[in-house]
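Understanding the architecture of this molecule
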Amino acid sequence: MPAYLDPALLGAAASLSTTLSVSRFTRPSPQEIDYLQRLRIAPDDDVSARKTRMTLWAPLLLIANGLFMSILLIRYYVQPYQQATGTLAVDGSLDLLTGESMLALSWSVVYVILGVLAIMAVRRDYLPSDKVGRP
């Protein structure tokens, strides 16, 4: 039981419950809603195909980083670990259902999803479109 009474865990639980409680019983004013909606509108100066292509490099590099880190982790962490513990398959292949393998593969999953979401958001908000009065 004392492990569950760690001050960091208690603080996180208290912070989360306070945030949820306050959020549940307060509503934003019409001025706040209007301000938040205006924040989501891309300035006309930033809406261009050239700037969008440049901006898309960041999520593409994020995806590449996730894939590359998974490969490095499998090669230099999972494989030696499984060799040392004798958990490699008989044919020498990795067991991908272990915790260390899933940890290594999670980099790709998380970073690819985040990169794809970023690409979709950038394309939606910053590519020029024929829509008049775009959001």
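Bear in mind the structure is a predicted one, so any value in this text is a computation, not a measurement.

**Focus: the side chain of Glu-100**
Structurally, the position occupied by Glu-100 is in helix H5 (residues 99-126). Of the side chains with opposite charge, Arg-75 lies nearest to the buried Glu-100, which makes no salt bridge, at 14 Å.

**A closer look at helix H1 (residues 7-25)**
Taking 1.5 Å of rise per residue, 19 residues should cover 27 Å, and H1 covers 27 Å from first to last C-alpha, within 8% of that figure. One side-chain oxygen of the residue at the start of H1 lies 2.8 Å from the amide nitrogen of Ala-8, identifying that residue as Asp-6.

**Side note on H5**
In this model, H5 (28 residues) spans 40 Å end to end at C-alpha, consistent with the 40 Å of a helix rising 1.5 Å per residue. Of all the bends in H5, the greatest, near 30°, is centred on Leu-105. Buried within H5 we find Glu-100, Ser-101, Ala-104, Ser-108, Gly-115, Ile-119 and Val-122. On its buried face, H5 sits against helix H3 (49-55) and helix H4 (57-85).

**Looking at the pattern of salt bridges**
The tally for this structure, following the rule as stated, stands at three salt bridges. Here Asp-34 ties to Arg-38 by a salt bridge, and the two come within 3.2 Å at their closest N and O atoms. With Asp-34 and Arg-38 both in helix H2 (residues 30-39) and four residues apart, the pair spans about one turn of that helix. When the shortest N-O distance is used, the salt bridge between Asp-125 and Arg-124 registers 2.9 Å.

Calculation rules
- Residues numbered from 1 in each chain as written.
- Predicted model: local features only at pLDDT ≥ 70, side-chain atom pairs only at ≥ 80, totals over all residues.
- Heavy atoms only, no water.
- Helix = DSSP H or I, 4+ residues; strand = E, 2+ residues; numbered from the N terminus.
- Buried < 20%, exposed > 50% of the residue type's maximum accessible area, 1.4 Å probe, protein only.
- Lys, Arg positive; Asp, Glu negative; His and termini not counted.
- Salt bridge = Lys/Arg side-chain N within 4 Å of Asp/Glu carboxyl O.
- Expected span 1.5 Å × (residues − 1).
- Polar contact = N/O pair within 3.5 Å; in protein donor to acceptor, adjacent residues only side chain to side chain.
- Bend = angle between axes of the 7 residues up to and from the residue.
- Contact = heavy atoms within 4.5 Å.

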